[in-house]
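# Chains, contacts and geometry: an overview
Residue-level listing of the chains:
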Amino acid sequence: MSYQTPLAKARGLGSAKKGTSHWWMQRVTAIALIPLSFWLILFVKQLFHGSYADITHWLSSPFNLVILLSWAFVGFYHGALGLQVVIEDYISHEGLKISLVWLIKLAFFTGAMSSLVFALHIVISVG
Amino acid sequence: MTQRSRPLSPHLQVYRLPLTAVISILHRMTGVLLTLGLILFVISLSKIKTGEQAFSSMQYFIQHPLTELSIWLMIYALFFHLCHGIRHLFWDMGEGYEKILMNYYLILELFGSIACTGLSYLFVHLPGAA
């Protein structure tokens, strides 16, 4: 038999888990992404019309690099939080749901890390 | 027996969704789509990292009209998500719930996202200021 009190049992069954901090971070990252996203357009301009020297030079500016990587990091975070909600809404099988949320978080963490490593690699090799 | 008009349940298959509901669904769809954009961003960095030749072939690829169109649709999705996201932030603060203004805000955010996309297009393709 379980010695858990009914209240503890009810708490354990709650669906919200870390609902408040999830909701809050979704908003915090959303606000951060409003100005940061415009930096992406500068990057897109380089992608379309910059020479290789132009784009590596652009990325080597610490300001551009910090803003662009911040955009990527906050974006991956915001995207992981968003996809988590989508998964939780449409997938009812508990095991599959938890696995997918973990998978998304791992994949997005890897994505953020990759953008950091690739960007540093570019900057160091241009030196 | 007299027929009384009873309220109908908004069954998804027969109910004409109000524009606000369509926009709400689009917000979620563009959100999911934009995570693909993040992956494309990482791929573009990886190409630049690989070297000049990889960068040039990517540049050739993205300048193809169909690729470019998809990129601009993606950027439009970004600005749409951003503009509707701002409305969500106002809703979170308890503002902007007036029913008669719903479509007004909607036009505002559609116009805003089109304007942002158009200005970005001009910025990207006009020479200078790189």
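Up top is the structure.
### Some remarks on the pattern of salt bridges
Between side chains of opposite charge, a pair can form when the charged atoms approach closely. The tally for this structure, following the rule as stated, stands at 4 salt bridges over all chains. Between Asp92(B) and Arg27(A) there is a salt bridge whose closest N-O contact spans 2.6 Å. Of this pair, Asp92(B) sits in helix H3 (residues 65-92) while Arg27(A) is found in helix H2 (residues 19-49), placing the two residues in two different chains. For Asp92(B), a relative accessible area of 30% translates into the label partly exposed. With a closest N to O distance of 3.6 Å, Lys97(A) and Glu94(A) form a salt bridge. Here Lys97(A) pairs with Glu94(A), and both are found in helix H5 (residues 94-126), just 3 residues apart, close to one helical turn.

### Here we look at the packing of helix H3 (residues 52-60) of chain A against helix H4 (residues 62-90) of chain A
Pairs of packed helices are described in terms of their axes, by the angle between the two and the distance that separates them. Residues and elements named next belong to chain A. Between H3 and H4, whose axes approach to 5 Å, the crossing angle comes to 80°. As judged from the angle between their axes, H3 and H4 are roughly perpendicular. Side by side, H3 and H4 meet where Trp-58, Leu-59 and Ser-60 of the first sit next to Pro-62, Asn-64, Leu-65 and Leu-68 of the second. A per-class count over the contact of H3 with H4 returns 5 nonpolar, 2 polar and no charged.

### Describing the side chain of Gln26(A)
Residues and elements named next belong to chain A. With respect to the helices and strands, Gln-26 occurs in helix H2. Owing to a relative accessible area of 13%, Gln-26 belongs among the buried residues under this scheme. With near-sequence residues (within four places) excluded, Gln-26 lies in contact with His-78, Leu-81, Gly-82 and Val-85.

### Details of H5(A)
Across its 33 residues, H5(A) extends 48 Å between first and last C-alpha, which sits within 8% of the 48 Å expected from 1.5 Å per residue. Where H5(A) is concerned, the buried positions are Lys97(A), Val101(A), Ile104(A), Phe108(A), Gly111(A), Ala112(A), Ser115(A), Phe118(A), Ala119(A) and Ile122(A). In this fold, the buried residues of H5(A) make contact with H3 and H4 of chain A together with helix H1 (19-50) of chain B.

### Some words on the interface of chain B and chain A
Often, the extent of an interface is quoted as the loss of accessible area on bringing the components together. Taken together, the contact between chain B and chain A spans 38 residues of the former and 43 residues of the latter. Taken together, both faces of the contact between chain B and chain A bury some 3500 Å²; the carbon and sulfur share is 79%. Linking chain B with chain A are 2 salt bridges, by the criterion used here. Residue Asp89(A) is joined to Arg28(B) by a salt bridge in which the shortest nitrogen-to-oxygen separation is 2.8 Å. Connecting chain B to chain A are 12 residue pairs in polar contact (both at pLDDT 80 or more). Counting only elements with at least two residues in the side of chain B that touches chain A, the list comes to H1, helix H2 (52-62), H3 and helix H4 (102-125) of chain B. Partitioned by chemical class, the residues of the side of chain B that touches chain A number 23 nonpolar, 10 polar and 5 charged.

### Notes on the nonpolar core
Phe43(A), Leu47(A), Leu59(A), Trp71(A), Phe41(B), Leu45(B) and Ile48(B) are the most contacted members of the largest nonpolar core, which totals 46 residues. For this core, the secondary-structure elements that each account for two or more residues are H2, H3, H4 and H5 of chain A together with H1, H2 and H3 of chain B. The biggest single contributor to this core is H4(A), with 11 residues. If sequence neighbours within four positions are ignored, Leu47(A) has contacts with Ile55(A), Ser44(B), Ile48(B), Phe55(B), Met58(B), Gln59(B) and Ile62(B).

### Here we look at the packing of aromatic side chains
In total, this model carries 10 aromatic pairs over all chains according to the counting rule given. Centre to centre, the rings of Phe43(A) and Trp58(A) are 6.1 Å apart; their planes meet at 40°, and the pair counts as tilted. Here Trp58(A) lies in helix H3 and Phe43(A) lies in helix H2, a separation of 15 residues in the sequence. The same class applies to Phe43(A) as to Trp58(A), namely buried. With a centroid separation of 6.3 Å and 25° between ring planes, the pair formed by Trp91(B) and Tyr97(B) is classed as stacked. Looking at Trp91(B), the relative accessible area reads 18%, which means it is buried. An aromatic cluster is defined as three or more aromatic residues linked by ring pairs; in this entry it consists of Phe43(A), Trp58(A), Trp71(A) and Phe41(B).

Reading the values: the criteria
Residues numbered from 1 in each chain as written. Chains lettered and ligands numbered in written order. Predicted model: local features only at pLDDT ≥ 70, side-chain atom pairs only at ≥ 80, totals over all residues. Heavy atoms only, no water. Salt bridge = Lys/Arg side-chain N within 4 Å of Asp/Glu carboxyl O. Helix = DSSP H or I, 4+ residues; strand = E, 2+ residues; numbered from the N terminus. Buried < 20%, exposed > 50% of the residue type's maximum accessible area, 1.4 Å probe, protein only. Axes fitted to C-alpha atoms, helices over the stretch in contact; angles between N-to-C directions. Parallel < 35°, antiparallel > 145°, perpendicular 65-115°, else oblique. Contact = heavy atoms within 4.5 Å. Nonpolar A, V, L, I, M, F, W, Y, C, P; charged D, E, K, R; others polar. Expected span 1.5 Å × (residues − 1). Buried area = accessible area lost by both parts, 1.4 Å probe. Polar contact = N/O pair within 3.5 Å; in protein donor to acceptor, adjacent residues only side chain to side chain. Core = buried A, V, L, I, M, F, W, Y, C linked by side-chain atoms within 4.5 Å. Phe/Tyr/Trp six-rings, centres within 6.5 Å; stacked < 30°, edge-to-face > 60°.

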